[in-house]
Amino acid sequence: MTELSKSLLYLDGVTVSFDGFRALNNLSLVVGHGEMRAIIGPNGAGKTTMMDVITGKTRPDKGDVLFNGERDLTKLDEAEIAELGIGRKFQRPTVFESHSVLDNIVLALEGPRGVFSSLFARLTGRECDRIDEVLATIRLSDRRDELAGSLSHGQKQWLEIGMLLAQDPALLLVDEPAAGMTDAETAETAALLRRIAETHSVVVVEHDMTFVRDLGVRVTVLHEGSVLAEGSLDQVSADERVIEVYLGR
Amino acid sequence: MPLGLSRIGVAFLLSLAVAAVLVPVLNLTVASDSTWHVSTTNVVLFGKYLCYALLALSIDLVWGYCGILSLGHGAFFALGGYAMGMHLMREIGSRGVYGNPVLPDFMVFLNWKELPWYWYGFDQFWFAALMVVLAPGALAFVFGMFAFRSRVTGVYLSIITQAMTFALLLAFFRNDMGFGGNNGLTDFKGVLGFDLQNNATRCGLFALSAIALAGGFLACRAIVSSKLGKVLVAVRDAESRTRFIGYRVEHYKLFVFTVSAMMAGVAGALYVPQVGIINPGEFAPANSIEAVIWVAVGGRGTLVGAALGALVVNVGKSWFTGALPELWLFALGGLFIFVTLFLPKGLLGLVRSRRVASAAPVEAPGEPVTVIDRQAAE
């Protein structure tokens, strides 16, 4: 139980099947407070399904998913889980394209989410400062009034990370943040995530090995819906089974 | 500007104000042989169009801003119309053919002895006025609660809204529903003591319709320029993303759907005393679809465009059904296809992109969407 009470995110024996196919098979994973974890694994290993289970998009057939050692995430819907403090960045960048960069951040900004509070919402000075800070972090300050749809692919990825920052969740789930980025952008993104990890817990799903090396964190390897290996990147890279299913292809 | 009113929005409100004053003046004070005279027929006709424009506005609020394509808004319009019609029936009193002070003529004809309980209170104008917004609002709330909680979206939602209005059509056709069956409610005499056949009353209703349209426009503007409006657009463009940042999408949809239904109800209530009849035909699924076409023609997600679309298409319809009546539906269908293919932002999108292009020739025009939203943000 000590592991459970120390953990921020606790998955135990989680199984999800789609039409007989086991996307997750008895998956167990613990992420501690303030930890950054990288999840790697070949296509179909269950990385995205795992994110779906944590954020309430998919209900597991079996198993426990606990947040902060107490809240059962399998009983909550997407909005409740988001309010609890879990933010998610999608694999394909999804920003609100017909809103300005600024409005994207405003919408994500931590605060009341009710219908009537939105109808009468006015930005406070502190909120404006927070928005400026986020925009500076993701280097989009000078493009704040442009439409999010007009940003480049890499900038959209960053805007989505900025939206996560504005949401200020306790746990960030980041799905392939470096997909489609240039090498320089990839390195910058890794640096940005490391900075975010100083104050947040982060789970990153990634294919790009250079990127995972840049992050320099504990790695969990998924295969066929369960954990194959866990440890530093060097440790798991040396693991026979990991080489067989993934690295040594 | 307050409420984020664009210059087009201000021009729209000004023209409504001018019309609300000028049209009655030109009808009542100018001699009927003068070229400046506005005939009573036209006052009534355009008063009707203003009600349609308010209906179009309510559709644009849910479709243009939240992506809910309702093909059943005619039902809310008709319900508002019936609520007003019930009051007008009660106001006839003993002036009816059968002279019964309580029962409307059709009930006497059907040999009913007592007023059904749901007709109670409609002799009071304030009660009827309340029902004009509450009845459509309650239907939209209950319907929306089930539909949005079950996450029915897209074309499936459109289909069940059609089913809803069709079911109401069949129900209101029945004589034992107590709403006049096939013939509906008609033979109205007056409203609040004013004679409905009187030109001054007709001008008053015209002006009221213009004021209601302006009020509806301002209300929509306030909604879409608030943070709530931004959430609506977010839902329209990326619904699941909106959920993952913590918004209860179904609550937002329910709110805007209910508000929109109430607006449609007001439009119906103003429509009925001007045309002098409300019958189940108003629930016809084709009516709701036609209203959606007005919005598409004028420009979806622009508010002003929706209202203009209703006016333009209906003026066209009046002319067309006079000149080539059998071709009107083909023309309407053709118009819809043309607008969808060539004017995705409707007539207003055309006006706005031309204005932007002439104002800033250096700037790359980009997608039409871009141009319009940047305008709206100003």
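Residues numbered from 1 in each chain as written. Chains lettered and ligands numbered in written order. Predicted model: local features only at pLDDT ≥ 70, side-chain atom pairs only at ≥ 80, totals over all residues. Heavy atoms only, no water.

A. Representation of the overall build of chain B in the model. A tally of helices and strands in chain B yields 15 helices and four strands. Taken against the 2.2 N^0.38 rule, which gives 21 Å for 378 residues, the C-alpha radius of gyration of chain B at 21 Å falls within 12% of a compact globule. Counting only C-alpha atoms, chain B reaches 70 × 60 × 40 Å along its principal axes. Expressed as a percentage of its 378 residues, the buried residues of chain B come to 52%. Residue pairs at least 24 apart in sequence account for 76% of intrachain contacts in chain B once pairs closer than 6 positions are excluded. Accessible area of chain B: about 16500 Å², with a carbon and sulfur share of 68%. Each charge class in chain B can be summarised by its mean position, and for the 25 positive and 19 negative side chains these summaries are 9 Å apart. (Helix = DSSP H or I, 4+ residues; strand = E, 2+ residues; numbered from the N terminus. Rg over C-alpha atoms; globule rule 2.2 N^0.38 Å. Buried < 20%, exposed > 50% of the residue type's maximum accessible area, 1.4 Å probe, protein only. Contact = heavy atoms within 4.5 Å. Areas by Shrake-Rupley, 256 points an atom, 1.4 Å probe, with all protein chains shown as cover. Lys, Arg positive; Asp, Glu negative; His and termini not counted. Charge placed at Lys NZ, Arg CZ, Asp CG, Glu CD.)

B. Fine view of the overall build of chain A. Looking only at helices and strands, chain A features eleven helices and ten strands. Relative to the globule expectation of 18 Å for 249 residues, the C-alpha radius of gyration of chain A, 18 Å, shows essentially globular dimensions. Taking the principal axes of the C-alpha coordinates as reference, chain A spans close to 55 × 40 × 35 Å. Within chain A, the fraction of its 249 residues that count as buried is 54%.

C. Focus on helix α13 (residues 328-342) of chain B. Residue and element names in this part refer to chain B. The end-to-end C-alpha distance of α13, which contains 15 residues, comes to 21 Å, matching closely the 21 Å that a straight helix rising 1.5 Å per residue would cover. For α13, the complete set of buried residues consists of Trp328, Leu332 and Val339. Looking straight down α13, one finds its buried side chains confined to an arc of 45°; they lie on one side. Those residues of α13 that are exposed and aimed more than 90 degrees away from the buried face are Phe330, Ile337, Leu341 and Phe342. (Expected span 1.5 Å × (residues − 1). Arc of directions from axis to C-beta.)

D. Molecular detail of the pairing of strand β4 (residues 62-67) of chain A. Residues and elements named next belong to chain A. Relative to β4, strand β1 (residues 7-18) runs antiparallel, the two sharing five bridges. Bridging across to β4, leucine 11 finds its partner in valine 65. Direction of pairing for β4 relative to strand β5 (residues 71-72): antiparallel, over a ladder of two bridges. Paired with leucine 66 across the bridge in β5 is aspartate 72. (Pairing = 2+ DSSP bridges.)

E. View of the packing of aromatic side chains. All names here are of chain B. A full pass over the atoms with the stated rule returns 26 aromatic pairs over all chains. Ring centres of tyrosine 118 and phenylalanine 179 lie 5.4 Å apart, and the angle between their planes is 35°; this geometry places the pair in the tilted category. Here tyrosine 118 is found in the loop between α4 (105-109) and α5 (125-149), whereas its partner phenylalanine 179 is found in the loop between α6 (154-173) and β1 (185-186), with 61 residues between them in sequence. Judged by relative accessible area, which is 11%, phenylalanine 179 ranks as buried. A centroid spacing of 5.8 Å and a plane angle of 85° characterise the contact between tyrosine 247 and tyrosine 252, whose relative ring orientation is edge-to-face. In this structure an aromatic cluster arises from ring pairing among Tyr82, Phe106, Trp117, Tyr118, Trp119, Phe172, Phe179 and Phe283. (Phe/Tyr/Trp six-rings, centres within 6.5 Å; stacked < 30°, edge-to-face > 60°.)

F. How the structure looks around the interface of chain A and chain B. Each partner contributes residues to the interface: chain A has 31 residues there, and chain B has 26 residues. With both chains or domains summed, chain A and chain B bury close to 2700 Å², and 63% of this area falls on carbon and sulfur atoms. On the chain A side of the contact with chain B, A:Phe96, A:Leu107 and A:Val115 bury the most area, a combined 21% of that side's loss. If you look at where chain A meets chain B, you find five salt bridges. Two residues, A:Glu78 and B:Arg151, come together in a salt bridge whose shortest N-O distance is 2.9 Å. The tally of links between chain A and chain B comes to 14 residue pairs in polar contact (both at pLDDT 80 or more). Those elements that place two or more of their residues in the side of chain A that touches chain B are α3 (78-84), β6 (86-89), α4 (101-108), α5 (115-119) and α7 (153-167) of chain A. A per-element tally of the side of chain A that touches chain B places α3(A) first, with five residues. Tallied by class, residues from the side of chain A that touches chain B come to 15 nonpolar, seven polar and nine charged. (Buried area = accessible area lost by both parts, 1.4 Å probe. Salt bridge = Lys/Arg side-chain N within 4 Å of Asp/Glu carboxyl O. Polar contact = N/O pair within 3.5 Å; in protein donor to acceptor, adjacent residues only side chain to side chain. Nonpolar A, V, L, I, M, F, W, Y, C, P; charged D, E, K, R; others polar.)

G. Here's a closer look at empty space enclosed by the protein. All names here are of chain B. Applying the stated criterion across every chain, the model contains two cavities of 30 Å³ or more. Taken together, Met89, Arg90, Ile92, Gly93, Gly96, Asn100, Pro101, Val102, Leu103, Pro104 and Asp105 make up the full set of residues lining the largest cavity. Looking at side-chain class alone, the lining of the largest cavity contains six nonpolar, three polar and two charged residues. (1 Å grid on protein atoms, 1.4 Å probe; cavity = no way out; pocket = protein on both sides within 12 Å on 5 of 7 lines; lining within 4 Å. Points joined across faces, edges and corners; volume = space filled by probe spheres on them.)

H. Expanded view of the side chain of B:Thr161. All names here are of chain B. Tracing the chain through its elements places threonine 161 in helix α6. A relative accessible area of 0% means that threonine 161 is categorised as buried. What threonine 161 contacts, discounting residues up to four positions off in sequence, is Leu69, Ser70, Leu71, Gly72 and Phe143.

I. Structural context of the packing of helix α6 (residues 125-137) of chain A against α7(A). Residue and element names in this part refer to chain A. Relative orientation of the contacting elements α6 and α7 amounts to 145°, with a least axis distance of 9 Å. Crossing handedness for the pair α6 and α7: right-handed. Along the contact surface, α6 presents Arg130, Val134 and Thr137, while α7 presents Trp158, Gly162, Leu165 and Ala166. Of the residues in the contact of α6 with α7, the class split is four nonpolar, two polar and one charged. (Axes fitted to C-alpha atoms, helices over the stretch in contact; angles between N-to-C directions. Left-handed = near helix turned anticlockwise from the far one by under 90°.)

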